Amino acid sequence: MRLEKRQPSGREKDEASLQLLEKLREQLYSSNISTVRQSAFHLSWMQEDGLEILREALLGDTPRRTKSAAAYGLRKMRGRMRKRAEQTLIEGTSDSDRLTAEISHNALVAVQKSKSPPKHAPRSKAKFEIREIPGKSHPKRQPHQGKRPDGHKPSHRR
């Protein structure tokens with residue numbers, strides 16, 4: 001598939017970042033699904049530029065694997081781009097292309113599932129009452145008197 005030249009947004013810092021974005025964009029349209037998915041994940045870390053490329057891939061006239069990978073990349077967006085990525089997925093659900101709408105809907109379901117609270121309720125910090133355990137019934141001993149049986153005090157010399 002021949003891609004049109006992407007217009008730089010001006011946010012790129014140098015030539016290396018331009019080349020990296022172009023490389024990831026080309027890989028997003030690859031025939032190898034593993035490469036496509038990896039490039040979508042890497043684009044999810046690229047903030048505005050990554051969002052722009054993933055949005056183009058999801059909402060454009062692209063193959064199913066590219067749309068699915070773009071939805072995956074949008075799901076994996078973090079930080080300040082997360083809400084904008086979710087808005088793109090919501091926009092994709094109302095797209096006229098049935099495939100785009102289905103992929104976007106499934107991605108939104110996955111996002112909502114990851115946001116839901118855990119199934120197990122967190123354990124409450126219950127305080128346990130500490131009770132004394134009664135001992136075995138032994139005959140009571142006489143307390144030590146400090147004297148030997150022969151009546152002398154114990155000597156402390158050794």
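Everything discussed here concerns the structure shown above.
Just so it is clear, the structure is predicted and the values come from calculations on it, not from any experiment.

## What about helix α2 (residues 33-44)?
In an α-helix, one turn spans 3.6 residues, which is why side chains three or four residues apart end up on the same side.
Logical step 1: With 12 residues, α2 ought to run about 16 Å at 1.5 Å a step, and its terminal C-alpha atoms sit 17 Å apart, in line with that.
Logical step 2: Residues of α2 that are buried sit in contact with α1 (15-28), α3 (47-59) and α4 (64-75).
Logical step 3: At the N-terminal boundary of α2, the capping side chain belongs to Asn-32, with an oxygen 3.1 Å from the backbone nitrogen of Ser-34.

## Structural notes on the packing of helix α5 (residues 82-93) against helix α6 (residues 98-115)
Logical step 1: With their axes 7 Å apart at the nearest point, α5 and α6 run at an angle of 140 degrees to one another. With respect to their mutual orientation, α5 and α6 come out oblique. For the crossing formed where α5 meets α6, the hand is left-handed. Side by side, α5 and α6 meet where Arg-82, Glu-86, Leu-89, Ile-90, Gly-92 and Thr-93 of the first sit next to Thr-100, Ala-101, Ser-104, His-105, Ala-107, Leu-108, Val-111, Ser-114 and Lys-115 of the second.

## Topic: unusual backbone geometry
Logical step 1: Look at Gln-47: it is not a glycine, yet its phi comes out positive at around 55 degrees.
Logical step 2: With respect to the secondary-structure elements, Gln-47 resides in helix α3.

## Some words on the pattern of salt bridges
Logical step 1: Here the structure, examined in full by the defined rule, presents 8 salt bridges.
Logical step 2: In this structure, Arg-25 and Glu-56 form a salt bridge, with 2.9 Å as the shortest nitrogen-oxygen distance. With Arg-25 in helix α1 and Glu-56 in helix α3, the pair connects residues that are 31 residues apart, well separated along the chain.
Logical step 3: The partly exposed category is assigned to Glu-56, whose relative accessible area is 33%.
Logical step 4: Here Arg-98 and Glu-102 are joined by a salt bridge, their closest N and O atoms 3.7 Å apart. Placement of both Arg-98 and Glu-102 in helix α6 is noted, with a separation of 4 residues, approximately one turn of the helix.
Logical step 5: One connected set of salt bridges, linked through shared partners, spans Glu-22, Arg-25 and Glu-56.

## Some points on the nonpolar core
Among soluble globular proteins, nonpolar side chains are generally buried collectively.
Logical step 1: Leu-28, Leu-43, Leu-54, Leu-58, Leu-74 and Leu-89 are the most contacted members of the largest nonpolar core, which totals 24 residues.
Logical step 2: Secondary structure elements with two or more residues in this core: α1, α2, α3, α4, α5 and α6.
Logical step 3: Setting aside chain neighbours within four positions, we find Leu-74 in contact with Leu-51, Leu-54, Leu-58, Ala-85, Thr-88 and Leu-89.

## Details of the packing of aromatic side chains
Logical step 1: Under the defined criterion, the tally for this structure stands at 1 aromatic pair.
Logical step 2: Ring centres of Phe-41 and Trp-45 lie 6.4 Å apart, and the angle between their planes is 70 degrees; on these two criteria the pair is classed as edge-to-face.
Logical step 3: Taking relative accessible area as the criterion, Trp-45 reaches 58% and is therefore assigned exposed.
Logical step 4: A cation over an aromatic ring shows up here: Arg-37 above the ring of Tyr-72, its NZ or CZ 3.7 Å from the ring centre.

Analysis parameters
Residues numbered from 1 in each chain as written. Predicted model: local features only at pLDDT ≥ 70, side-chain atom pairs only at ≥ 80, totals over all residues. Heavy atoms only, no water. Helix = DSSP H or I, 4+ residues; strand = E, 2+ residues; numbered from the N terminus. Expected span 1.5 Å × (residues − 1). Contact = heavy atoms within 4.5 Å. Polar contact = N/O pair within 3.5 Å; in protein donor to acceptor, adjacent residues only side chain to side chain. Axes fitted to C-alpha atoms, helices over the stretch in contact; angles between N-to-C directions. Parallel < 35°, antiparallel > 145°, perpendicular 65-115°, else oblique. Left-handed = near helix turned anticlockwise from the far one by under 90°. Salt bridge = Lys/Arg side-chain N within 4 Å of Asp/Glu carboxyl O. Buried < 20%, exposed > 50% of the residue type's maximum accessible area, 1.4 Å probe, protein only. Core = buried A, V, L, I, M, F, W, Y, C linked by side-chain atoms within 4.5 Å. Phe/Tyr/Trp six-rings, centres within 6.5 Å; stacked < 30°, edge-to-face > 60°. Lys NZ or Arg CZ within 6 Å of the ring centre and 35° of its normal.

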